[in-house]
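# Structure at a glance
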Amino acid sequence: PAGKVGIVVETPSAGGPSFIRSIKDTCPIVDQVRLGDKIIAVDDEDVRELTAPDVTRLLSSKSGNPKRKISVLRRAGSNTSAFDVIAPAGKVGI
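Another point: unusual backbone geometry. The phi angle of most residues is negative, glycine excepted, and most peptide bonds adopt the trans form. In this model, D43 sits at a positive phi of 50°, which is unusual for a non-glycine residue. Looking at where D43 falls in the secondary structure, it is placed in the loop between strand 3 (38-42) and strand 4 (45-46). D43 gets classed as partly exposed once you look at its relative accessible area, which sits at 26%. In this structure, D44 takes a positive phi of about 65° despite not being glycine.

Here it is in structure tokens:
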């Protein structure tokens, strides 16, 4: 269903991809993302060099799309994995 994605992103002070700082209770992808996940692409557009406000604007600009693909990196111990999350249409909740 359409609605807000429900994540808040932040730009790391040391540079690098924006990461998920908080996840709202109403987030429709809450079971797919975790705090600290790094957002590296939106609909296959590389966002690793964008600031958090720019990533948020990009996600919001695609709110009319039936879905949005958010590619993330997740670090677990010494392992890092990349995967895609499909978010429903709607604005990003900030």
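Counting residues in each nonpolar core, the largest one holds 18 residues, and the members touching the most others are I7, I29, V33, I39, V42, V47 and I70. When residues of this core are traced back to their parent elements, those giving at least two are strand 1 (7-10), strand 3, helix 1 (52-61), strand 5 (67-76) and strand 6 (79-88). When sequence neighbours within four positions are dropped, the list of residues in contact with V42 reads V47, L58, L59, K62 and K69.

This brings us to the side chain of R68. Along the polypeptide, R68 turns up in strand 5. This buried residue, R68, is left without a salt bridge; D43 holds the nearest opposite charge, at 6.4 Å. A polar contact is formed between the side chain of R68 and the backbone oxygen of L59, at a distance of 3.0 Å.

In this sheet, strand 5 lies alongside strand 3 in antiparallel orientation, the contact comprising four bridges. Each bridged residue has a counterpart across the sheet, and for V42 the counterpart in strand 5 is I70. As paired elements, strand 5 and strand 6 share ten bridges and run antiparallel to each other. Within strand 6, the residue paired with R75 across the bridge is T80. Between strand 5 and strand 6, which pair antiparallel one after the other, the connecting turn spans two residues, and G77 there sits at a positive phi close to 65°.

As a further point, take the pattern of salt bridges. Enumeration over the complete set of coordinates arrives at seven salt bridges. Here the residues in one salt-bridge network are D44, K69 and D84, joined through shared partners.

The rules behind the values
- Residues numbered from 1 in each chain as written.
- Predicted model: local features only at pLDDT ≥ 70, side-chain atom pairs only at ≥ 80, totals over all residues.
- Heavy atoms only, no water.
- Helix = DSSP H or I, 4+ residues; strand = E, 2+ residues; numbered from the N terminus.
- Buried < 20%, exposed > 50% of the residue type's maximum accessible area, 1.4 Å probe, protein only.
- Core = buried A, V, L, I, M, F, W, Y, C linked by side-chain atoms within 4.5 Å.
- Contact = heavy atoms within 4.5 Å.
- Lys, Arg positive; Asp, Glu negative; His and termini not counted.
- Salt bridge = Lys/Arg side-chain N within 4 Å of Asp/Glu carboxyl O.
- Polar contact = N/O pair within 3.5 Å; in protein donor to acceptor, adjacent residues only side chain to side chain.
- Pairing = 2+ DSSP bridges.

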